[in-house]
Amino acid sequence: MPVKSPFEACIAKPGQGNVVLSLLPPSNPSLTTLTYKYPLKLLTRAPGYVPVSSALSCPVSRPVHLYLLTYGGGLLPGDHIDVSITLEPQTRLVVTTPQGSTKIFKTEPNSSTKGRRPGKLSDKSRQTLDVRVGREAALCYLPDPAVPYKDSRYEQVQTFTIDATTTKDSKRSSLCILDWVTQGRTSRGENWDFHLWRGKNEVWALDESGKKKLLLRDSLILDEEIDEGLLEDGDETLIRNGLIRERTRPHGVVGTLILYGPIYEHLSTFFMDRFTSQPRIGARNWSSSAPAAVESPPNYDSKVTFTAARVRAGFVLVKFGASDSETAKDWLGNILREEGTVINEFGEEALFCL
Amino acid sequence: MTVKTHVSDLEKEISDLEYRLQNAKTRLALASGQEPTEDTYLPLPQDTVPLVPTHALLLLSDSALPLGSFAYSSGLESYLAHNKPLPPRVSPVASFHRFLKLSIASMASTSIPYVLAAYRYPDDLETLDNDMDASTPCVVAQRASIAQGRALIGVWERAFRGTYASGPFLTGPVAARAVKAIEAFSDELKSGVDDPDSLGPKGHFAPLWGIVCLVMGMDARQTAYVFMLNHAKAVLSAAVRASVMGPYQAQAVLASQGLQDLITARIDREWDTPVEDAGQIVPPLDLWVGRHELLYSRIFNS
C-alpha cells in the first residue's frame, strides 16, 4: 500500500495530522495522504479483513485501521492535537486507541513553565478531530475512555461531516462514534477530581450548494467552575468543591454512542429493542414503605444505566452511565459482539478497545 | 444587529430610570409633607404607555399561562424512581433539593444560551430551533420542549398578538422584526410535515420564549429569569403532586434566597455562552429523563 513518508512535505503544525483514505480502482483502499507531527503519531494498518456480508449493496471495500497515538499515551497541558480525516466514497475506516485510555495529564503547578504562579490553573489540553465521511463510506470509531487526571483541564471537539447530496437511504454515510469519560485514576482514589472536561460531538450535513446543516450535537461539560481569583490565594479548600462529582453521581463513567447510516441500521434497532424491553422500573413496588422490587436476574443491563433514543434524521443515540469503566466496557463489548454488525463489517479488531 | 438591540435596551433602561425618578420625586414630596401635585396615588408618568414591562412580565410568569408546563416533571418522577429506596439518613426532601439544584443548573446550561440568542438575534429563530433540536439528545425532553414551544406560539397567536404585534406596545424595529420572524416560523411550522425524521422546524420552547419576551418588551435579564423561575415552579409543582413535599413547603422553597441566588448565578454563568457551547453539565439527568419511558406507572409526561 503506498503510504507517503511522514517526513516529506510536512507543513503540519505540532500536533496536527491529516489523513485521506481513497478507494483506488478496482477496489483498493489506499491512504493517499498521511501526515502528522509531534506529539501526535498516526499509524495505519490494513489487516486484510474482507467483510463476508454487508448491509451495503455497493462493492464492499476492506476496512483500513488508523491508530491515534500520542507520546506518553496522553495529553499534557497546552498540547493541542488536531486531526483531520477524509473518507472518500465507499471506504471504511476503523479508528482505535491502542495505548489504552487517553490520559489527560496535569503538571504540578510549581514545576511548570515560566511565569506561572503556584495555584494557577494549568493550561488546557485540546483535541480536535474533523472527519469528512463520503457516500457509502463508513467510520467505526470505538476508542478507549478518556481518563482525566486530578486537576487537569481538557477540551475536545469532534466534528463529523457527512455527504447529504444523496437522498437514497442506502447510499448514506455510516457513523459509529463512541465518546466516554471516566472519573480518573480510581487506583489513586481519584473521583471526578479534574477541573474541566468539555466534549462536543457534532454531525453536520453538507449539501450540493455547500450549505451545512447541524444534524446532531452532543455536548458534555464537566466543569469544577473554579473562580480563578480565589485560586491566587492558593487555598486548597477552595479548589475542591466536588461539583463534578455531585453532578455525575452515582456514575464513575459516562458516555455516548452515536449510530448513523445503513451499515449500523441493524445495530441501532438492536439497541432500541434492548432499551424498550428493559424491565419496568418500580413494577412490583406497590407501597412506598415496602422494599424495592426484586432485581431481575443479573445481566449486563442491570449494572449499566442506559437510554437509547432514535432522535432525528435516523440517528440513534445511546447514553450510558456505570460505576466503573470495566463494567461499561464489558456491557458495550458484549452487546456489540452479540449483535455482530461491527465484527461482520470491520472485523474483530475494531472492538480492540472493548 | 447587535447595535440595534443595544439601542432598544438603552431606551428601555432610560424609560425605566425616568419612571423611577418620577416615582422617587413623588415619594420625596410625600415624605417632606408638601402637598403632592395632582393625582399621586398612581404616580404613572403619561409617556410610559408603550413600555409597561411589568404587565408583560406578570402575564408571562403567571402559572395560568396555558403552556401545559405542569404536565412535565423534567425528570423528577424518574429521578425519584431511580433513587428508591433512599439511603438511610437521606430524607426525601434533601434528595429533592439535590434534584432541584441539578435540574436548574442543567436547564440553564442547555437552554439559557438559546433563550438569549433568540432574544438578541430574532432573525435566527429557525436556525436556533434546528440547533436546539439537534442538541437535545433525548426524545422525552424533546417532546416536552416542543409541546410547550408550540403552546407558546398558540398563546401568542390567539392572545398576545392582538395587543403586542402592532400599535403602541410594539417597542421598536427589532421587535417588529421579531414579530415577522415568529410569523414566518409559525407558517413554516404549520406547513411542515409532522414526521419525526423530518428536519423541518420543530418549535422548541427556549428560543420561542426568548423571541416572544422580546416582542412583549421584557428586558433580556427578566426573560432569562422568568424562564428559569417558571422551570423551578414546574419542578416544585411536580414535587407537590408526587408527594415529596407540601404546597406551603414548596412555596417556601420558591420564595427562598437560596433559589433566587441559584437562578441568578446560573444566568450569570450562561449570560455570554454562545449556543455552540451550550451543553449538558449533569449527564445522569439525560439518563433519568430518557428512562422516564421505562417507569411502570407515570403521572407526568416527562
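Keep in mind that this is a model prediction, so the values were computed, not measured.

Student: I would appreciate a short explanation of the overall build of chain B in the present structure.
Tutor: A count of helices and strands for chain B gives 12 helices and 0 strands. Along chain B, from the amino end to the carboxyl end, the secondary structure elements read α-α-α-α-α-α-α-α-α-α-α-α. Going through the 302 residues of chain B one by one, you find that 43% of them count as buried.

Student: What am I meant to see in the nonpolar core here?
Tutor: Nonpolar side chains in soluble globular proteins tend to be buried together. Of all hydrophobic cores here, the largest spans 164 residues; its most connected members are L139 and C140 of chain A together with V115 and I211 of chain B. Ranked by the residues each element gives to this core, the list is headed by helix 4 (residues 92-120) of chain B, at 15 residues. Residue contacts for C140 of chain A: discarding those within four places in its chain leaves V94, C176, V342, F346 and A350 of chain A.

Student: It is not clear to me how the sheet that holds strand 1 (residues 16-24) of chain A should be interpreted in this structure. Could you clarify?
Tutor: Sheets are built from strands that pair by backbone hydrogen bonding, the pairs being arranged parallel or antiparallel. All names here are of chain A. The 7 strands are arranged 2-1-6-9-12-14-15 in an open sheet whose pairing can be described as mixed. Of all the strands in the sheet, the pair left with one neighbour each is strand 2 (28-36) and strand 15 (212-223). Strand after strand, the sheet turns through a mean of 10 degrees between neighbouring axes, direction not considered. In this sheet, strand 12 (residues 153-163) lies alongside strand 9 (residues 125-133) in parallel orientation, the contact comprising 9 bridges. When the bridges of strand 12 are listed, V131 appears paired with F160.

Student: I'm lost on the confidence of the model for chain A in this one. Help?
Tutor: In regions of low pLDDT, the predicted coordinates are not meant to be interpreted in detail. Residue and element names in this part refer to chain A. Confidence in the prediction of chain A, expressed as mean pLDDT, is 82, and 83% of residues score 70 or more. Every residue in residues 110-118 is under pLDDT 50, and counting partners more than four places away or in other chains gives 6 contacts. When the criterion is pLDDT under 50, residues 290-298 qualifies, and its contacts beyond four places in sequence or with other chains add up to 12 contacts.

Student: Honestly, helix 6 (residues 325-339) of chain A in this entry has me stumped. Any pointers?
Tutor: Because the α-helix completes a turn every 3.6 residues, residues three or four places apart line up on one side. All names here are of chain A. End to end, helix 6 covers 21 Å across 15 residues, agreeing with the expected 21 Å (1.5 Å per residue, within 8%). All of the buried residues in helix 6 are S325, A328, W331, L332, I335 and L336. In an axial view of helix 6, the angular spread of the buried residues amounts to 135 degrees, which keeps them on one side of the axis. Helix 6 presents E326 and E338 as exposed residues on the side facing more than 90 degrees away from its buried surface.

Student: How should I be thinking about the confidence of the model for chain B in this particular structure?
Tutor: Residue and element names in this part refer to chain B. When pLDDT is averaged across chain B, the result is 85; 89% of the residues are at 70 or more. Low confidence marks residues 38-50, where pLDDT is under 50. Its contacts with residues over four positions away, or in another chain, come to 13 contacts. Confidence metrics for the complex model read pTM 0.84 and ipTM 0.86.

Student: Teacher, can you tell me more about the interface of chain B and chain A here?
Tutor: Many authors give the size of an interface as the accessible area that is lost as the parts come together. Facing 32 residues of chain B, the contacting portion of chain A comprises 33 residues. Sorting the residues of the side of chain B that touches chain A by element identifies helix 3 (76-82), helix 4, helix 5 (125-135) and helix 12 (283-290) of chain B as the ones contributing at least two each. Looking at the side of chain B that touches chain A residue by residue, the class counts come to 18 nonpolar, 8 polar and 6 charged.

Each value, and the rule that gives it
As a convention, each chain's residues are numbered from 1 in the sequence order in which they are written. Chains carry letters and ligands carry numbers; both start at the beginning, A for chains and 1 for ligands, and go up in the order they are written. Restriction of local features to residues with pLDDT of at least 70 applies here, the model being predicted, together with a cutoff of 80 or more for giving and counting side-chain atom pairs; totals for whole chains, interfaces and linings are based on all residues. Secondary structure elements are defined from DSSP: runs of H or I of at least 4 residues count as helices, runs of E of at least 2 residues count as strands, and each element is numbered from the N terminus. Each residue is classified by how many other C-beta atoms fall within 10 Å of its C-beta atom, where C-beta atoms are placed from the backbone; a count of 20 or more means buried, 12 or fewer means exposed, and values in between mean partly exposed. Connectivity within a nonpolar core runs through C-beta atoms within 7 Å, and the core itself is a set of buried Ala, Val, Leu, Ile, Met, Phe, Trp, Tyr and Cys residues. Any pair of residues counts as being in contact when their C-beta atoms, constructed from backbone geometry, are within 7 Å of one another. Between any two strands, pairing holds if DSSP finds at least two bridges. A fitted line through C-alpha atoms serves as each axis, taken over the contacting stretch for helices, and the angle formed by two N-to-C directions is quoted from 0 to 180°. Scored from 0 to 100, pLDDT reflects the predictor's confidence in each residue. One fewer than the residue count of a helix, multiplied by 1.5 Å, yields its expected span. Picture the helix axis, draw a direction to every C-beta atom, and the arc is the one those directions span. Three residue categories are used. Nonpolar comprises Ala, Val, Leu, Ile, Met, Phe, Trp, Tyr, Cys and Pro, charged comprises Asp, Glu, Lys and Arg, and polar comprises the others, including Gly.

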